[in-house]
Amino acid sequence: MINERPRKRIALEHSRRLSAGDIDALLDLYAEDATYEDPVGAGGGSGREALRAHFESAVAGNVQETVEDTVVGQDGTHVLSRITAVMDYRPRGPVYAGRGWVPPPSGAEPAGLRYHYALLLRVGESGLIEDMRAYWGRPDIELSVDGTPESFRGPDTVTPRELALRQLPEKYLGRLLKGDIEGTVAMFTEDIVFEDPVGGMKLHGKDALRKHVFRGSENKVHEVLGRPVSSMDGRFVVIRGDARVFVPAEMRMRMITICEVNEDGLGAHIRGFWGLTDLTMGLSPKDPL
């Protein structure tokens, strides 16, 4: 098991080395037989040479990553980051357009790409990354005509499935804050698996989830959600949350949650990532989130 802070340092170093264009140093973070899927839902690969080719296209586009937040699982292996990446339109833009992920240029070719994503790394006992999964969907890709930050725009339309998926966290939180326990539980499958945190409590089924939701409502949980990201297969939504609990003591918790959704739009597997280094105790209720 790798302690929380070393895992966070690995995640931050991953983004730093990629942004620096140092592919050899980046691959040194990975096990020889590491697996990856980027984006989730588009198929993956394995091994350092496949990873090299994947990262080379990002470096060729002058990718620059900003890590918004990094949290860990309490399982001693996982670290999860929310990242914004900016790069030139080429070489990946035409590939994305060919796959239907972005519209093909109708006039002048866009200058830049920006995408919002969540990066989940599994770190083995050796301290090397054994698996990498990047969660982002079509609504998470933005184009810019001139590369300036204010000019990036996402797709004009999203599918009903994509929209429902991305609205799910806000819908869940709204019902929870209203104390609507049954309405909250109704958003999940009968055999829901709920891990909060990953590596700690693992619940199975609606009855167990109902008790968990009731405790959250009773303990007056207040949460502010960040920008959701999804996956290319429409199965996952990932949301960053900043939660505060006032009962029995004041506590602030930074977390990132991965929710797998079935074909009916119901939550089937929830994984909440937060560790001891993501908790702060003794805050005043007047402190802003």
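Each remark here, short or long, concerns the structure printed above.
Residues numbered from 1 in each chain as written. Predicted model: local features only at pLDDT ≥ 70, side-chain atom pairs only at ≥ 80, totals over all residues. Heavy atoms only, no water.

(A) Just the nonpolar core, in detail. Among the nonpolar cores identified, the biggest contains 38 residues, and Tyr30, Met132, Trp136 and Ile141 are the most heavily contacted of them. Considering every element that reaches this core, the biggest residue donor is strand β5 (residues 112-123), with six residues. With residues up to four places along the chain from it excluded, the contact list for isoleucine 141 reads Tyr96, Trp101, Val102, Leu113, Arg114, Tyr115, Trp136, Arg153, Gly154, Pro155 and Met232. Within the second largest apolar cluster, 17 residues are counted, among which are Phe194, Leu209, Val237 and Ile270. (Core = buried A, V, L, I, M, F, W, Y, C linked by side-chain atoms within 4.5 Å. Buried < 20%, exposed > 50% of the residue type's maximum accessible area, 1.4 Å probe, protein only. Helix = DSSP H or I, 4+ residues; strand = E, 2+ residues; numbered from the N terminus. Contact = heavy atoms within 4.5 Å.)

(B) A look at the packing of aromatic side chains. Scanning the model with the defined rule gives eight aromatic pairs in all. With a centroid separation of 5.3 Å and 40 degrees between ring planes, the pair formed by tyrosine 96 and tryptophan 101 is classed as tilted. Of the two residues, tyrosine 96 and tryptophan 101, both sit in the buried class. Every member of this aromatic cluster is reached through a ring pair, and the members are Tyr96, Trp101, Tyr115, Tyr117 and Trp136. (Phe/Tyr/Trp six-rings, centres within 6.5 Å; stacked < 30°, edge-to-face > 60°.)

(C) Fine view of the side chain of serine 144. Relative to the assigned elements, serine 144 resides in strand β7 (residues 141-144). Reaching out from serine 144, the side chain makes a polar contact with the backbone nitrogen of aspartate 146 at a distance of 3.3 Å. Excluding anything up to four places from it in sequence, serine 144 contacts Pro110, Ala111, Gly112, Ser151 and Phe152. (Polar contact = N/O pair within 3.5 Å; in protein donor to acceptor, adjacent residues only side chain to side chain.)

(D) Representation of the pairing of strand β13 (residues 251-261). Direction of pairing for strand β12 (residues 236-245) relative to β13: antiparallel, over a ladder of ten bridges. When the bridges of β13 are listed, glycine 241 appears paired with methionine 255. Where β13 meets strand β14 (residues 267-273), six bridges bridge the pair, whose relative direction is antiparallel. Opposite cysteine 259, over in β14, you have isoleucine 270 as the bridge partner. The loop that links β13 with its antiparallel partner β14 comprises five residues; one of these, glycine 265, has a positive phi angle of about 80 degrees. (Pairing = 2+ DSSP bridges.)

(E) Molecular detail of helix α5 (residues 160-177). A rise of 1.5 Å per residue sets the reference length of α5, with its 18 residues, at 26 Å; its end C-alpha atoms lie 25 Å apart and thus fit the reference within 8%. Maximal helix bending in α5 amounts to about 40 degrees, located at leucine 168; proline proline 169 follows within four positions. Within α5, burial applies to Glu162, Leu165, Arg166, Leu168, Pro169, Tyr172, Leu173 and Leu176. Looking at the residues trailing α5, positive phi occurs at glycine 179, about 75 degrees. (Expected span 1.5 Å × (residues − 1). Bend = angle between axes of the 7 residues up to and from the residue.)

(F) Geometry of the pairing of strand β8 (residues 188-195). Judged by how many residues are buried, β8 sits mostly within the fold: six of eight residues are covered. The sheet contact formed by β8 and β14 spans four bridges and is parallel. By the bridge assignment, valine 193 is partnered in β14 with histidine 269. One ladder, built from three bridges, connects β8 with strand β9 (residues 202-204); its direction is antiparallel. Note on β9: the bridge partner recorded for glutamate 195 is lysine 202. Two successive antiparallel strands, β8 and β9, enclose a turn made up of six residues, where glycine 199 displays a positive phi of approximately 95 degrees.

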